[in-house]
Amino acid sequence: MSLQIIHTADWHLGQTFFGYDRDEEHEAFLTWLTRMLAERQADVLLIAGDVFDVANPSAAAQRRFFRFLREANRRNPHLQVVVVAGNHDSAGRLEAPIPLLEELNTSIVGIIPRTDLCKIDFDSLLIPLYNKEGKREALCLAVPYLRQGDYPASDEGKDTYVAGITRMYRQLYEYADAQRQPGEALVAMGHLHATGAELSEDDRSERTIMGGLESVSTDAFDEGLAYTALGHIHKAQRVGGRENIRYAGSPLPMSFSEQHYRHQVVAVTLENGCLSDWEAVPVPLRTGLHRIPAEPASPAEVLLQLADLPPADAQADRSLWPYLEVQVLLTEPDPGFRHRVEEALADKAVRLTSIIPSYPKREDEEDFRPLSYTDLQKIDPLDMLRHAFTNRFGGDLPEELEQMFNEVRREVSL
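Residues numbered from 1 in each chain as written. Predicted model: local features only at pLDDT ≥ 70, side-chain atom pairs only at ≥ 80, totals over all residues. Heavy atoms only, no water.

**Some thoughts on the packing of aromatic side chains**
Phase 1 of the analysis: Using the criterion set out here, one finds 14 aromatic pairs in the structure.
Phase 2 of the analysis: Consider the rings of Trp11 and Phe29, whose centres lie 5.6 Å apart with planes at 75°: the pair is edge-to-face. Pair noted here: Trp11 is in the loop between strand 1 (2-8) and strand 2 (16-17) and Phe29 is in helix 1 (residues 23-40), with a separation of 18 residues, a long-range link.
Phase 3 of the analysis: An aromatic cluster is built from Trp11, Phe29, Trp32, Phe52, Phe65, Phe66 and Phe68, whose rings are joined through pairwise contacts.
Phase 4 of the analysis: The cationic tip of Arg246 hangs over the ring face of Trp278; the distance from NZ or CZ to the ring centre is 3.7 Å.
Phase 5 of the analysis: The side chain of Arg351 reaches across the aromatic face of Tyr20, ending 5.3 Å from its centre. (Phe/Tyr/Trp six-rings, centres within 6.5 Å; stacked < 30°, edge-to-face > 60°. Helix = DSSP H or I, 4+ residues; strand = E, 2+ residues; numbered from the N terminus. Lys NZ or Arg CZ within 6 Å of the ring centre and 35° of its normal.)

**So, unusual backbone geometry**
Phase 1 of the analysis: Here the residue pair Ile292 and Pro293 is connected by a cis peptide bond, since its omega of -10° sits within 30 degrees of zero.
Phase 2 of the analysis: Tracing the chain through its elements places Pro293 in strand 17 (residues 289-297).
Phase 3 of the analysis: A positive phi is found at Asp50, a non-glycine position, where the angle reads about 55°.
Phase 4 of the analysis: Among the secondary structure elements, Asp50 is positioned in the loop between strand 4 (44-48) and helix 2 (59-75).
Phase 5 of the analysis: Unlike most non-glycine residues, Asn105 shows phi in positive territory, near 60°.

**What to know about the sheet that holds strand 6 (residues 106-109)**
Phase 1 of the analysis: As summarised here, the arrangement of the six strands in space is 6-5-4-1-15-16, forming an open sheet in which the pairing is mixed. Whereas interior strands pair on both sides, the edge strands pair on one side only; in this sheet they are strand 6 and strand 16 (274-282). Going from strand to strand, the sheet's axes swing by 20° on average, the running direction of each strand aside.
Phase 2 of the analysis: Sheet contacts for helix 1: strand 1, strand 4, strand 15 (264-271) and strand 16; angle to strand 1, the most-contacted strand, approximately 170°. (Pairing = 2+ DSSP bridges. Axes fitted to C-alpha atoms, helices over the stretch in contact; angles between N-to-C directions. Contact = heavy atoms within 4.5 Å.)

**Remarks on the sheet that holds strand 14 (residues 242-247)**
Phase 1 of the analysis: Strand order in the open sheet formed by six strands is 7-8-9-12-14-13, with mixed pairing between adjacent strands. Looking along the sheet, the strands with just one partner apiece sit at the ends: strand 7 (126-130) and strand 13 (237-239). The mean inter-strand angle of the sheet, taken between neighbouring strand axes irrespective of direction, is 30°.
Phase 2 of the analysis: Summarising the sheet, strand 8 (residues 136-142) and strand 9 (residues 185-191) pair through five bridges and their orientation is parallel. The partner of Ala138 across the bridge, within strand 9, is Ala185.

**Focus on the side chain of Gln237**
Phase 1 of the analysis: Following the sequence through the fold, Gln237 ends up in strand 13.
Phase 2 of the analysis: Judged by relative accessible area, which is 13%, Gln237 ranks as buried.
Phase 3 of the analysis: One polar contact links the side chain of Gln237 to the main-chain carbonyl oxygen of Glu198, over a distance of 2.7 Å.
Phase 4 of the analysis: In terms of polar contacts, Gln237 uses its side chain to reach the backbone carbonyl oxygen of Lys235, at 2.9 Å.
Phase 5 of the analysis: Look past the residues within four positions of Gln237 in its chain and what remains in contact with it is Gly196, Ala197, Glu198, Ile245, Arg246 and Tyr247. (Buried < 20%, exposed > 50% of the residue type's maximum accessible area, 1.4 Å probe, protein only. Polar contact = N/O pair within 3.5 Å; in protein donor to acceptor, adjacent residues only side chain to side chain.)

**As for the pattern of salt bridges**
Phase 1 of the analysis: Within the structure shown, the criterion is met by 17 salt bridges.
Phase 2 of the analysis: Across the pair Arg64 and Asp23 runs a salt bridge, and its minimum N-O distance is 3.8 Å. In this pair, Arg64 is assigned in helix 2 and Asp23 in helix 1, connecting sequence segments 41 residues apart.
Phase 3 of the analysis: Residue classification places Asp23 among the partly exposed positions, given a relative accessible area of 27%.
Phase 4 of the analysis: Arg338 is paired through a salt bridge with Glu342; the nearest N and O atoms lie 3.1 Å apart. (Salt bridge = Lys/Arg side-chain N within 4 Å of Asp/Glu carboxyl O.)

**Overview of the nonpolar core**
What tends to happen in soluble globular proteins is that the nonpolar side chains get buried as a cluster.
Phase 1 of the analysis: In terms of nonpolar packing, the biggest core is built from 56 residues, with Ile5, Leu46, Leu129, Leu141 and Leu192 touching the most fellow members.
Phase 2 of the analysis: Among the elements that take part in this core, helix 5 (residues 161-179) stands out by supplying seven residues, more than any other.
Phase 3 of the analysis: Ignoring any residue separated from it by four or fewer positions in sequence, one finds Leu141 in contact with Leu125, Leu126, Leu172, Tyr173, Ala176, Leu186, Val187, Ala188, Met189 and Leu225.
Phase 4 of the analysis: Within the second largest apolar cluster, 32 residues are counted, among which are Leu33, Leu37, Ala61 and Leu101. (Core = buried A, V, L, I, M, F, W, Y, C linked by side-chain atoms within 4.5 Å.)

**Quick notes on helix 5**
Phase 1 of the analysis: Between the first and last C-alpha of helix 5 there are 27 Å, a value that for 19 residues agrees with the 27 Å anticipated at 1.5 Å per step.
Phase 2 of the analysis: Considered for burial, the residues of helix 5 that qualify are Tyr161, Val162, Gly164, Ile165, Thr166, Arg167, Met168, Tyr169, Leu172, Tyr173 and Ala176.
Phase 3 of the analysis: On its buried face, helix 5 sits against strand 7, strand 8, strand 9 and strand 11 (215-216). (Expected span 1.5 Å × (residues − 1).)

**Some remarks on the environment of Glu133**
Phase 1 of the analysis: Mapped onto the elements, Glu133 comes out in the loop between strand 7 and strand 8.
Phase 2 of the analysis: When the C-alpha atoms of Glu133 and His78 are compared, they prove to be 8.7 Å apart, with 55 residues separating the residues in sequence.

Here is the structure:
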């Protein structure tokens, strides 16, 4: 027998994009996902964290999630849903409706449970997965986003975050391996930053910690795992060169660098305890991303390209209008440029998100070595301001700004 799994993550329900709400985009994605799960008659849906964008999501975002679970169950009654909390989720809030959601064949793990002896309750982290005929085909190691103290303590006393997470997955794997029956697969879930994972450019919602201090090696995931479903990184990818360890990525674009990137969910087939096939299923894009121009250009050229955009239809659905990022090449600050852009877009079917200025590199600009901590201690803050202004705008720091800086510095020193 086989087990059909759909892996997704990082929905960020309730998120706004440069101030615009994404309710219609999220609704369109969930409608598509519901239909796809029914058409494929999937056995299991794995949601690897960050269901919501904030720990205290709006009532509308929560209703959208619960309506999805109800409709997915109605159209595909044998579907089993397993959800783990991400770093954006409130673990306790996500778990609160479990008594009701159990009726929808939904399991949620947000908090790491412990026994009366303060040991991690591994049983509560193991979710049996069943096929359409009700036969148990796998055990799921449902591990949410781990914080300090969530993982097993080290015998040596000294510990690091990465070592703790690694120990958690290894001990849970050993426990699960002892529980499974012949022919059953082991599937792991996690919400973390794996070593070597590539972030989308300009994606500011998830950042790696300086020096990779929170990057977990793929060695934490035993070779005996049939599949590892990860969340947290918004770019879909395999990790560590292993096809069975994957990020599903976010279903909606998180930055303009993803203008030509196809978002997806991952369809996984397990047979006889092993991964037999996987497929990237593209998510339809409801709202597009435009960068105008493709490369920074002069203000006059930018305004000409904006003027060529199609006019807006007063009766059209504004939520379908693409998001627009304007890139402009400036030789000096131009405070009035944004106003001229807004005038040019007044009757256009786009939603302006941001204007990104860039400045040409001067011919005499030198390459500087990175400054050490000692170097920084010797630099006058005013010199740093002068240097930054010159590099950015190509001129000397105006006297009035220098005077304002000195006045602020005197007040701070008083």
